[in-house]
Amino acid sequence: MGYTSTLSPYFQPKISLSQQSDAFGRPHGVLVSFSNTALSFTSRRTCFRYRTLVVRAVDGGSRRQSNARRVYRQSQGESAFRSAPVQQIASFVVPAGAFMAFTFVLWKLVEKIVMPKPKRPTLVENKSSAPAKGMNWSFAAGTNLFPGLTAKIDRESKQKLNEFAKEIRSFSIVDMSGCNFGDDGLFFLAESLAYNQTLEEVSFAANGITAEGIKAFDRVLQSNIVLKTLNLSGNPIGDEGAKSLCDILVDNAGIEKLQMNSVDLGDEGAKAIADLLKKNSNLRVIELNNNMIDYSGFTSLAGAILENATVRSIYLNGNYGGALGANALAKGLEGNKSLWELHLQGNSIGDEGVRALMSGLSDSKAKLTHLDLGNNSISAKGAFHVAEYVKKSKSLFWMNMYMNDIGDEGAEKIAEALKQNRSLAIIDLGGNNIHAKGISEIAQVLKDNSVITTLEVGYNPIGPDGAKALSEVLKFHGNVKALKLGWCQIGAKGAEYIADTLKYNNTITILDLRGNGLRDEGAMCLARSLKVVNEVLTELDLGFNEIRDDGAFAIAQALKANEDVKITSLNLANNFLTKFGQSALTDARDHVYEMNEMEVNIVF
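Scoring rules and cut-offs
- Starting from 1, residues in each chain are numbered consecutively following that chain's sequence as written.
- Totals for whole chains, interfaces and linings use every residue, but because this is a predicted model, local features are given only for residues with pLDDT of at least 70 and side-chain atom pairs only at 80 or more, for both listing and counting.
- To obtain the side-chain values, all non-hydrogen atoms of the structure were included, while hydrogens and water were left out.
- Between Lys or Arg on one side and Asp or Glu on the other, a salt bridge is scored when a side-chain nitrogen of the former is within 4 Å of a carboxyl oxygen of the latter.
- Numbering goes from the N terminus for both helices and strands, where a helix is a DSSP run of H or I of at least four residues and a strand is a run of E of at least two.
- A simple rule labels every residue: compare its accessible area, found with a 1.4 Å probe on the protein chains alone, to the largest value its type can have, and call it buried under 20%, exposed over 50%, or partly exposed in between.
- Here a helix's expected span is defined as the number of its residues, less one, multiplied by 1.5 Å.
- Should any heavy atoms of two residues lie within 4.5 Å, those residues are counted as being in contact.
- For every residue, the predictor states its confidence as a pLDDT score lying anywhere from 0 to 100.
- Among the buried residues, those of types Ala, Val, Leu, Ile, Met, Phe, Trp, Tyr and Cys that are joined through side-chain atoms within 4.5 Å form a nonpolar core.
- Pairing of aromatic side chains here covers Phe, Tyr and the six-membered ring of Trp, requires ring centres within 6.5 Å, and sorts the geometry by plane angle: under 30 degrees stacked, over 60 edge-to-face, intermediate tilted.
- Working convention: axes come from line fits to C-alpha atoms, limited for helices to the stretch in contact. Angles between N-to-C directions cover 0 to 180 degrees.
- Note that the term roughly parallel is reserved for angles under 35 degrees, roughly antiparallel for angles over 145, roughly perpendicular for angles of 65 to 115, and oblique for everything else.
- For this classification, the nonpolar set comprises Ala, Val, Leu, Ile, Met, Phe, Trp, Tyr, Cys and Pro, the charged set comprises Asp, Glu, Lys and Arg, and every other residue, Gly included, is treated as polar.

Draft legend 1. A look at the pattern of salt bridges. In this structure the tally under the stated criterion is 15 salt bridges. Of the charged contacts in the structure, one is a salt bridge between Lys 437 and Glu 412, with a shortest N-O distance of 3.9 Å. Taken together, the residues span a long stretch of sequence, with Lys 437 in helix α14 (residues 436-445) and Glu 412 in helix α13 (residues 407-420) at a distance of 25 residues. Residue Lys 437 is classed as exposed on the basis of its relative accessible area, which comes to 54%. Put simply, Glu 352, Arg 355 and Lys 381 are held in one network by salt bridges that share partners.

Draft legend 2. Region of the structure containing helix α10 (residues 322-334). With 13 residues, α10 ought to run about 18 Å at 1.5 Å a step, and its terminal C-alpha atoms sit 19 Å apart, in line with that. Within α10, burial applies to Gly 322, Gly 325, Ala 326, Ala 328, Leu 329, Ala 330, Gly 332 and Leu 333. If you follow the buried residues of α10, they end up packed against α9 (295-307), β14 (341-343) and α11 (350-363).

Draft legend 3. Geometry of the confidence of the model for the protein chain. Scored by pLDDT, the protein chain comes out at a mean of 81, with 73% of its residues at no less than 70. For the stretch residues 23-86, pLDDT sits under 50, and the model shows 133 contacts to residues farther than four places along the chain or on other chains. Segment residues 117-150: pLDDT under 50, and 21 contacts once partners within four positions in sequence are set aside and those in other chains are kept.

Draft legend 4. Region of the structure containing the nonpolar core. Counting 135 residues, the largest nonpolar core has Phe 204 and Phe 217 as the members making the most contacts within it. Setting aside anything within four residues of it in sequence, one finds Phe 204 in contact with Met 176, Phe 181, Leu 186, Leu 193, Ile 209, Phe 217, Leu 230, Asn 231, Leu 232 and Asn 235.

Draft legend 5. Main features of the packing of aromatic side chains. Counted according to the given criterion, the structure contains six aromatic pairs. Ring geometry for Phe 181 against Phe 204: centres 5.8 Å apart, planes inclined by 85 degrees, an arrangement best described as edge-to-face. Of this pair, Phe 181 sits in the loop between β8 (173-175) and α4 (182-194) while Phe 204 sits in the loop between β9 (201-203) and α5 (211-214); the two residues are 23 residues apart in sequence, bridging distant segments of the chain. Residue classification places Phe 181 among the buried residues on the basis of a relative accessible area of 7%. Arranged with centres 5.4 Å apart and planes meeting at 50 degrees, the rings of Phe 476 and Tyr 504 form a pair that is tilted. One end of the pair, Phe 476, is in the loop between α15 (463-474) and β19 (482-484); the other, Tyr 504, is in the loop between α16 (491-502) and β20 (510-512), with 28 residues separating them in the sequence.

Draft legend 6. Broad picture of the side chain of Asn 317. Along the chain, Asn 317 falls in the loop between β13 (313-315) and α10. On the basis of relative accessible area, Asn 317 is assigned to the buried category, the value being 13%.

Draft legend 7. The arrangement of unusual backbone geometry in detail. Residues other than glycine seldom take positive phi values, yet Ala 206 does so here, at roughly 55 degrees. On the secondary structure map, Ala 206 appears in the loop between β9 and α5. You will see that Ser 377, though not glycine, has its phi angle at about 60 degrees, which is positive. Among the structural elements, Ser 377 can be located in the loop between β15 (370-372) and α12 (380-392).

Draft legend 8. A look at the environment of Leu 258. By the secondary structure assignment, Leu 258 is in strand β11 (residues 257-259). Looking at Leu 258, the relative accessible area reads 1%, which means it is buried. In sequence terms Leu 258 and Arg 284 are 26 residues apart; their C-alpha atoms lie 8.4 Å from each other. Setting aside residues up to four positions removed in sequence, Leu 258 forms contacts with Leu 230, Leu 245, Leu 249, Leu 283, Val 285, Ile 286 and Glu 287.

Draft legend 9. How the structure looks around the packing of α15 against α16. Packing of α15 against α16 leaves a shortest axis separation of 8 Å and a crossing angle of 5 degrees. On the basis of the axis angle, α15 is roughly parallel to α16. Packed against α15, whose contacting residues are Pro 464, Ala 467, Lys 468, Ser 471 and Leu 474, the element α16 presents Lys 493, Gly 494, Tyr 497, Ile 498 and Thr 501 at the interface. Its residues placed into classes, the contact of α15 with α16 shows five nonpolar, three polar and two charged.

So, in structure tokens, the structure goes:
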């Protein structure tokens, strides 16, 4: 049997109409339900679908109604059904057909009358979700699905920019690095920047500014004549942005320091900078670190250095100059008279490049004070050329040769040069594979040289013997104020030599002994010297030394015992201290403050 039906004498359907909503509360359909209190039958439920309108036959006699449901009732005439099969089928089919026809008509009527007409939602949505004119913000993925949230972030961003604008109007130095306001934000701030006559230094580093945003500086620098320092580092402006900026700065008489580190600058951008230096006589400092400048770019800059008579400092660290770039730069240096600082760290110039460079500097009339040759694959052979330049220089104050490979032989060459030089005060020879023999040569120089105040020889395997060689000289000689021996493998024995020096030395104020495996024995040796004798040392760095609580207790007692202690910074980070050792050091710090009203910054 296809159907089984039980019919009552009275057939009265109930029609329920309700409106459906989606997950966001927006209407999208109407539910029409039919129920019959007199007629019940078992059959397949018939479901009519048309877009979002759903018609469902509902079994049973439930009379629950929601507040939003509108109920329509339609009476039908009573019909008596007999038990005869033919009459039973006929009595069922005729009302059912009439019922279906009535349902269809009613459904269309409901759809036309009850359902609201579309009100062009696209125009409203576009209007609400479109960004304000002139502003184009970037937010996290997915926020465009929530217009309300986007609008909120939009308002907060504009409010933040308004605060930035107020800062620009109020202070002489403003740092807005890392705010990520992009090109549109820069255009928004341009007006405040243009008419401010107090702002001398501004940093827009790491803000997502591109070549398009650089155009904002056109109107800025036409009106602002007091801005001296402009930092655009960390923005992907590329060569095109560099060209646009250089075009703007050609006639600018305000900017003296231009920082363009890590801006995706290549040879074309370097050429634009070079052309700028030929025409602009106001720039003093140019920073182009960590870009992609190759030999061609170095050649362009060399030509500019040859013609420019006002630039004082050039930073080209972390580029790709190589030996050819250094050689080209040397030719420009030969005719330069104004340069004070030359920074070429990390350019892989090698021995041949440094030979050409030192030759150019020797022939130059410029009085170079800072020379950075770190991480350039220089060996003992290259160190010889550096030493020859150091011997002749009367102006060099700071030299960095960190992370090369000059070894003991190169250290001996540098030591010979330092015997004659009387201007170099700060020297960094760290990470050069110098052993006890090489450091002994450097130490001997300090007997007669009172000019050197900072000696960095960390990351060299000098061992306890090297520490001894330095200690014997520094007890009573030299003028070294900062001695940096981090990761030199001196061990507890080397710490004993250094501690002995501290008993007599009256110049060392900064001592770096990180990563030397001092352990508790070495810490105790240093504590004994600090306990009653040393009155000069202010900064002591003992990080990464496997020091435990016993060493910490000894240092804490030394701080308490010495009433004239001058230590203000003590680093014991990355050791093996428990809460007991930390408590002892904290107690010592408090004691020093109570007795001397001097604060000691202790790092665990």
